[in-house]
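# Observations on chain architecture
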Amino acid sequence: MNSKNKILASIRKQPVREISLPDSNGFGIRYEDPLGQFENMLERVGGVALRVADQAQIAETLESIEVYRSAKWVLNGVPGVQRDNPDEVPVGDPRALEQLDVAVLPGELMVAENGAIWVSTENVKHRVVYVIAEHLILVVDAQQIVHNLHEAYDRLSFEQVQYGLFISGPSKTADIAATLVKGAQGARSLHVLLVGPPPPTPER
Amino acid sequence: MNHPSQAARYVADQERAHWHDNVIWFMREKRDQAVNVIPEWEELRELGARIKGHTLSRLDDYLERFESQAKQLGVQIHWALDAEEHNQIVAGILQAAGARKVVKSKSMLTEECHLNQFLQERNIQVTDTDLGERIVQLRQEAPSHIITPAIHIKHEEVAELFHEHFGTDLSASDPDQLVAVARDALRRTFIEADAAITGVNFAVAETGGFVVCTNEGNVDMGTGLPRLHIACMGIEKVIPRIKDLGVFLRLLARSSTGQPITVYTSHFHGPAAGGELHLVIVDNGRSQLLQKRKFNKALNCIRCGACMNTCPVYRRSGGHSYGYTIPGPIGSVLGPSRKLKQFYSLPYASSLCGSCTAVCPVKIDLHHQLLEWRKEIAGAGILPWTKRFTMKVASLVLRNTWLYRTSGWIARVMLRRLPRAVVYHRLNLWGRQRDFPRIPDTSFRQWYAQRNHEQQK
Ligand code: SF4
């Protein structure tokens, strides 16, 4: 018998009685103002939220971000956003991204409860771009927000998405003397641009 | 291995013991704050416990489902009966790919299997990339906590360590500066790595994907650069549906560090373009634990660390005093299930206050299990004679009214009069780090009788 069958046979000897699988549909905290809650949480986890009236204002808002202005190399993954010196060399080996200063990339969905933004390989060539850039800027449609994680998983699809990530704030660690420090291995800072009008207040 | 003697060494350094106690309690307080803002927290725990209970009741089905889904995504699945087979498989994959430099992200399983040593013996260089794990690796120690592995080390000591290994200034001992040093050093390691090894927090049977949670982003740095990724998971990590992640991710981060979610929650559903993704599913004693009716709920564990943060014994005795890969209450129930003789003292490293059970996000009956283990251990006759003897005496005294009253009287009189050396002798294990409270003049009985008498007047 191979290891797999041995393990399964051993598992089948278990005496646990059958318990039905509970459902979490419609479960979870909801907020009066989900976007406001998201902004609050993002700030709490060390990120910065910036509201942007419409697509046309994105470039201007980006220029207001210090790390963007002073960056030597910016990788731009948001359509319609241009910069004076866009150094968008298409890279073959992800290691070439080592010197990347700023990545501007689309975020797909925000979670009000925890300030997380869903991103995935649908929008990038190399998965590592989300963490290897010194600074990360995500651009999200302000309407794309859910109250809590349960709702988020109802919305997300995992077909054809080999890699996806919830990001909640800049990389951090509390491993030295339990002191929280930003900029461990991943991006040192996170800005989130919330583009367009906020979602209508949900009926409760 | 014996918890009391290891703990005694630890508390001898009073200042450090108090510092550790405070640092760990701080995490417990953050957990409370994060939990209190969720009105449905108790229902969430119930959901988590029931989903885990359900999964364990048909674990074989879910593992098979997971395997076939994962294979469809192009993931290569391996099964390992024990630590040795796990290590062989991982080494085999690395050798086949010609990998010499490997970056590893936090995985208690590979720690349990002593993978690092195994690979190093085969000329494969492993670097732990979680900062806390890197620190303990450089110090050639084991982690002392499952979430913050270097929590027992002060920042000045980290500065000394970095000075020694990276030649940095000794005065650069701010956590900020130290993190910056580690970041630069680790960046190079990531760039040069041939392969990445990670743990798994949750494996989803429905989709065949798996999720890993970190705050530092080391999993994503590690797996995003080399073309080979090996993930290692225990059989209990599988959950039925993608939406169950909503339940467990909410429970995990809030319970562990008091964050609303970890900074990075990475979902892997297949290898990167041109890359290879392997998954090793490991039993190593878990299926035997599953067969033990009284103890199998311990497999619900999502490794959040809340039970150790809240435990008065863990906080004061430090993670290393347990001598098992996983310390704290959960380690104390898992250890004896692996090797009863070696870890018999762990279920006694508890005051049975029940705080662990109260915080556990997946409702493991931790303090009940600790008590159950004590029964098994006493039954197996492996307790040292001092403990057996005192327990025998206690049982005799407690069963006999006359003896009980008389010894109470003797104790009250004697404890006040006897010289210290006579009371705190070698057999008084309890009194080694503790003093008796002030001895009252009257027994409760006398006080109660007197009070009744006075009230009737
Ligand atoms: S036993 Fe419960 S509290 Fe302890 S680490 Fe596991 S899940 Fe967390």
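Source: prediction; values computed, not measured.

## Considering the overall build of chain B
- Each helix and strand counted, chain B has 22 helices and ten strands in total.
- With respect to the principal axes defined by its C-alpha atoms, chain B has extents near 90 × 55 × 45 Å.
- Working note: accessible area of chain B is about 19,500 Å², and carbon and sulfur atoms make up 52% of it.
- Averaging the positions of the 58 positive and the 46 negative side-chain charges in chain B gives two centres separated by 11 Å.

## Considering a nonpolar patch on the surface
Residues and elements named next belong to chain B.
- On the surface, W409, I410, M414, L418 and V422 cluster together into a nonpolar patch covering about 440 Å² of accessible area.
- Ranked by residue count, the leading element in the nonpolar patch is helix α20 (residues 401-417), at three residues.
- Residue classification places I410 among the partly exposed positions, given a relative accessible area of 39%.

## Points about the domain arrangement of chain B
Residues and elements named next belong to chain B.
- Under the domain assignment used here, chain B contains domain 1 (1-29 + 300-380), domain 2 (38-284) and domain 3 (385-456).
- Domain 1 and domain 2 are separated by 23 Å when their C-alpha centres are compared.
- With 30 residues of domain 1 in contact, the opposing surface of domain 2 contributes 33 residues.
- Interface of domain 1 and domain 2: buried area, both sides summed, is about 2,700 Å²; carbon and sulfur atoms make up 57% of it.
- Remark: the boundary between domain 1 and domain 2 carries five salt bridges.
- A salt bridge links K154 to E15; its shortest N-O distance comes to 3.1 Å.
- Remark: the boundary between domain 1 and domain 2 carries twelve residue pairs in polar contact (both at pLDDT 80 or more).
- Counting residues per element, the side of domain 1 that touches domain 2 draws most heavily on helix α2 (residues 14-36), at seven residues.
- Of the residues in the side of domain 1 that touches domain 2, the class split is 17 nonpolar, eight polar and five charged.

## Thoughts on the site of the ligand
Residue and element names in this part refer to chain B.
- Inspection of the region around the ligand gives C301, I302, R303, C304, G305, C307, I330, C360, P361, V362, I364 and L366 as its neighbouring residues.
- A molecule is said to occupy a pocket when more than half its atoms come within 2 Å of that pocket's grid points, and by this definition the ligand occupies the second largest cavity.
- Considering only residue class, the shell around the ligand consists of ten nonpolar, one polar and one charged.

## A few points about the interface of chain B and chain A
- The interface of chain B with chain A comprises 91 residues on the first partner and 68 residues on the second.
- Between chain B and chain A the total buried area reaches about 7,100 Å² when both faces are included, carbon and sulfur atoms providing 61% of it.
- Joining chain B to chain A, the criterion identifies eleven salt bridges.
- Close ionic contact of B:R58 with A:E18 constitutes a salt bridge, the shortest N to O distance being 3.8 Å.
- Here chain B and chain A share 39 residue pairs in polar contact (both at pLDDT 80 or more) between them.
- Ranked by residue count, the leading element in the side of chain B that touches chain A is helix α10 (residues 175-192) of chain B, at ten residues.
- Of the residues in the side of chain B that touches chain A, the class split is 48 nonpolar, 22 polar and 21 charged.
- Relative to strand β9 (residues 264-268) of chain B, strand β8 (residues 163-167) of chain A runs antiparallel, the two sharing five bridges. The partner of A:I167 across the bridge, within β9(B), is B:Y264.

## Considerations on the side chain of B:N87
All names here are of chain B.
- Position of N87 relative to the elements: it lies in helix α5 (residues 83-96).
- N87 gets classed as buried once you look at its relative accessible area, which sits at 4%.
- Not counting the four nearest positions on each side in its chain, N87 is found in contact with C113, H114, L115 and F118.

## Quick word on the pairing of strand β2 (residues 101-104) of chain B
Residue and element names in this part refer to chain B.
- The pairing of β2 with strand β3 (residues 125-128) spans four bridges and is classified as parallel. Across the sheet, K101 pairs through a bridge with Q125, a residue of β3.
- The pairing of β2 with strand β4 (residues 195-198) spans three bridges and is parallel. Within the sheet, the bridge partner assigned to K104 lies in β4 and is I197.

## Things to note about unusual backbone geometry
- Not every positive phi belongs to a glycine, and A:A178 is a case in point at roughly 55°.
- With respect to the secondary-structure elements, A:A178 resides in the loop between β9 (172-173) and β10 (181-182).

## Some words on the sheet that holds strand β5 (residues 116-120) of chain A
- If you trace the eight strands from one edge of the open sheet to the other, you get β7(A)-β4(A)-β5(A)-β8(A)-β9(B)-β6(B)-β5(B)-β8(B), paired in mixed fashion. The open sheet has two edge strands, β7 (145-146) of chain A together with β8 (238-239) of chain B, and neither has a second partner.
- Inspection of the sheet shows β5(A) paired to β8(A) by four bridges, in the antiparallel sense. Residue pairing for β8(A): A:I117 is matched across the bridge by A:I167.
- Sheet strands in contact with helix α12 (residues 244-256) of chain B are β5 (202-204), β6 (210-214), β8 and β9 of chain B, and its direction is about 175° off that of β5(B).

## Focus on the packing of aromatic side chains
All names here are of chain B.
- This structure, assessed with the given rule, holds 13 aromatic pairs over all chains.
- Taken together, a centroid distance of 6.1 Å and an interplanar angle of 35° make the contact between Y314 and Y322 tilted.
- Consider the rings of F444 and Y448, whose centres lie 5.8 Å apart with planes at 25°: the pair is stacked. Here Y448 and F444 lie together in helix α22 (residues 444-456), a separation of four residues that amounts to about one turn.
- Owing to a relative accessible area of 41%, Y448 belongs among the partly exposed residues under this scheme.
- A cation sits over an aromatic face here: K52 above F248, 5.5 Å from the ring centre.
- Here the guanidinium or amino end of R122 rests over the ring plane of F118, the centre of that ring lying 3.6 Å away.

## Points about the environment of A:Q144
All names here are of chain A.
- Examined against the element boundaries, Q144 turns out to sit in the loop between β6 (135-141) and β7.
- Its relative accessible area of 27% is what places Q144 among the partly exposed residues.
- Apart from the residues lying within four places of it in its own chain, the contact partners of Q144 are E108, L109, M110 and R155.
- A polar side-chain atom of Q144 sits 2.8 Å from a polar atom in the side chain of R155.

## Quick notes on the sheet that holds strand β10 (residues 276-282) of chain B
Residue and element names in this part refer to chain B.
- One open sheet accounts for six strands, arranged β1-β10-β7-β4-β2-β3; its pairing is parallel. In this open sheet, the two edge strands, each paired with only one partner strand, are β1 (76-80) and β3. The sheet shows a mean angle of 20° between the axes of neighbouring strands, taken without regard to direction.
- Where β4 lies against strand β7 (residues 228-234), four bridges are found, and the strand directions are parallel. Residue pairing across strands places T198 opposite A231, the latter belonging to β7.
- Most of the contacts of helix α4 (residues 59-72) go to β1, to which it runs at about 150°, and overall it touches β1, β7 and β10.

Rules of the game
Residues numbered from 1 in each chain as written. Chains lettered and ligands numbered in written order. Predicted model: local features only at pLDDT ≥ 70, side-chain atom pairs only at ≥ 80, totals over all residues. Heavy atoms only, no water. Helix = DSSP H or I, 4+ residues; strand = E, 2+ residues; numbered from the N terminus. Areas by Shrake-Rupley, 256 points an atom, 1.4 Å probe, with all protein chains shown as cover. Lys, Arg positive; Asp, Glu negative; His and termini not counted. Charge placed at Lys NZ, Arg CZ, Asp CG, Glu CD. Patch = residues over 30% accessible without salt bridge, like charges linked within 9 Å, V, L, I, M, F, W, Y side chains within 5 Å. Salt bridge = Lys/Arg side-chain N within 4 Å of Asp/Glu carboxyl O. Buried < 20%, exposed > 50% of the residue type's maximum accessible area, 1.4 Å probe, protein only. Domains from an automatic or database assignment. Contact = heavy atoms within 4.5 Å. Buried area = accessible area lost by both parts, 1.4 Å probe. Polar contact = N/O pair within 3.5 Å; in protein donor to acceptor, adjacent residues only side chain to side chain. Nonpolar A, V, L, I, M, F, W, Y, C, P; charged D, E, K, R; others polar. Near = heavy atom within 4 Å. 1 Å grid on protein atoms, 1.4 Å probe; cavity = no way out; pocket = protein on both sides within 12 Å on 5 of 7 lines; lining within 4 Å. Sits in = over half its atoms within 2 Å of the grid points. Pairing = 2+ DSSP bridges. Axes fitted to C-alpha atoms, helices over the stretch in contact; angles between N-to-C directions. Phe/Tyr/Trp six-rings, centres within 6.5 Å; stacked < 30°, edge-to-face > 60°. Lys NZ or Arg CZ within 6 Å of the ring centre and 35° of its normal.

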